[in-house]
Amino acid sequence: MHEKNLRLRLWTGQETVLIPQLFFKHYKELKITDDEAIILLHLIAFHAENNDFPTPNDLEQRLHKTNNEIAIQLQRLLQKGFLEITQGVDGSGKLFEKYSVYPLWERILDLLESNERSNEKVAKKNEEGKLFTLFEQEFGRLLSPMEIETISMWLDVDRHTPELIKAALKEAVLAGKVSLRYIDRILFEWKKKNITSLKQVEQHTQQFHSKTTIATTKTNQEQPAPKVPFYNWLDERE
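A brief look at the structure comes next.

1. As for the packing of aromatic side chains
- Enumeration over the complete set of coordinates arrives at 5 aromatic pairs.
- Measuring from ring centre to ring centre gives 5.5 Å for Phe 23 and Phe 24, while their planes differ by 80°; the resulting arrangement is edge-to-face.
- Phe 23 gets classed as buried once you look at its relative accessible area, which sits at 2%.
- On the basis of an interplanar angle of 20° and a centroid distance of 5.3 Å, the ring pair of Phe 23 and Tyr 27 is categorised as stacked. The same class applies to Phe 23 as to Tyr 27, namely buried.
- An aromatic cluster is present here, built from Phe 23, Phe 24 and Tyr 27 joined pairwise through their rings.

2. Some points on the environment of Trp 105
- Checked against the element boundaries, Trp 105 lands in helix α6 (residues 102–139).
- On the accessibility criterion, Trp 105 (25% relative accessible area) is partly exposed.
- When the C-alpha positions of Trp 105 and Leu 22 are compared, they lie 9.1 Å apart, and in sequence the two are 83 residues distant.
- With residues up to four places along the chain from it excluded, the contact list for Trp 105 reads Pro 20, Phe 23 and Ile 44.

3. A short note on helix α5 (residues 67–80)
- Its 14 residues give α5 an end-to-end C-alpha distance of 20 Å, which sits within 8% of 20 Å, the value for a rise of 1.5 Å per residue.
- Listing the buried residues of α5 in full gives Ile 70, Gln 73, Leu 74 and Leu 77. Buried residues of α5 fall within an arc of 105° about the axis and therefore sit on the same side. Turned more than 90 degrees away from the buried face of α5, the exposed residues are Asn 68 and Gln 79.

4. What about the pattern of salt bridges?
- Going through the model one piece at a time under the given rule, you end up with 7 salt bridges.
- Between Arg 141 and Glu 147 there is a salt bridge; the shortest N-O distance is 2.6 Å.
- Each of Arg 185, Glu 189 and Lys 192 takes part in one network of salt bridges that share partners.

Calculation notes
- Residues numbered from 1 in each chain as written.
- Predicted model: local features only at pLDDT ≥ 70, side-chain atom pairs only at ≥ 80, totals over all residues.
- Heavy atoms only, no water.
- Phe/Tyr/Trp six-rings, centres within 6.5 Å; stacked < 30°, edge-to-face > 60°.
- Buried < 20%, exposed > 50% of the residue type's maximum accessible area, 1.4 Å probe, protein only.
- Helix = DSSP H or I, 4+ residues; strand = E, 2+ residues; numbered from the N terminus.
- Contact = heavy atoms within 4.5 Å.
- Expected span 1.5 Å × (residues − 1).
- Arc of directions from axis to C-beta.
- Salt bridge = Lys/Arg side-chain N within 4 Å of Asp/Glu carboxyl O.

Below, the structure written as structure tokens:
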């Protein structure tokens, strides 16, 4: 039992080879075969042992593959851009070659960024789809091709966010003026006043209502408090 514990301590005391989990999660997505993945893992292990340029013979001692099969897979990894051969200089100034898996880590990062952009694009399309559905609900009918094009231009050309367009639609509904012309005027005025967030929309509307209420109260203090009027964006003047 004591001898077994010694062997166990010897085994656990061995240096470990660190492999990013992202490699295991994404190497299939990068079209790296299982055999190629094993080669890459062994190259990383050799690097940890201070052997940066193992030969096919070195790899053959650890793999169930022939020297020729290993050489072919190394060549494929180089051709696919997952592996490269670089040069270094040793302590005596002598040049030497070594394998580098740095291109592999770059490809994984590129893949993650691409997936993130793809997810953002899908989320954006879903949000825009909900926007068109909301307009159809408020209009009580399907949108015409011209109306769809107008809303698309608000998004793609004017760069209004779906949230801001929804806020403009809400303003139009509250004012009882549900039309694209009225909503377009709201968005135009907001852009002119550099209003780009829902918080700025609320502040602008509150300021208008506050000024209107004060002015009306001063004119006729004995009369009951009037209803706060809606902001009529079509009457906006400089």
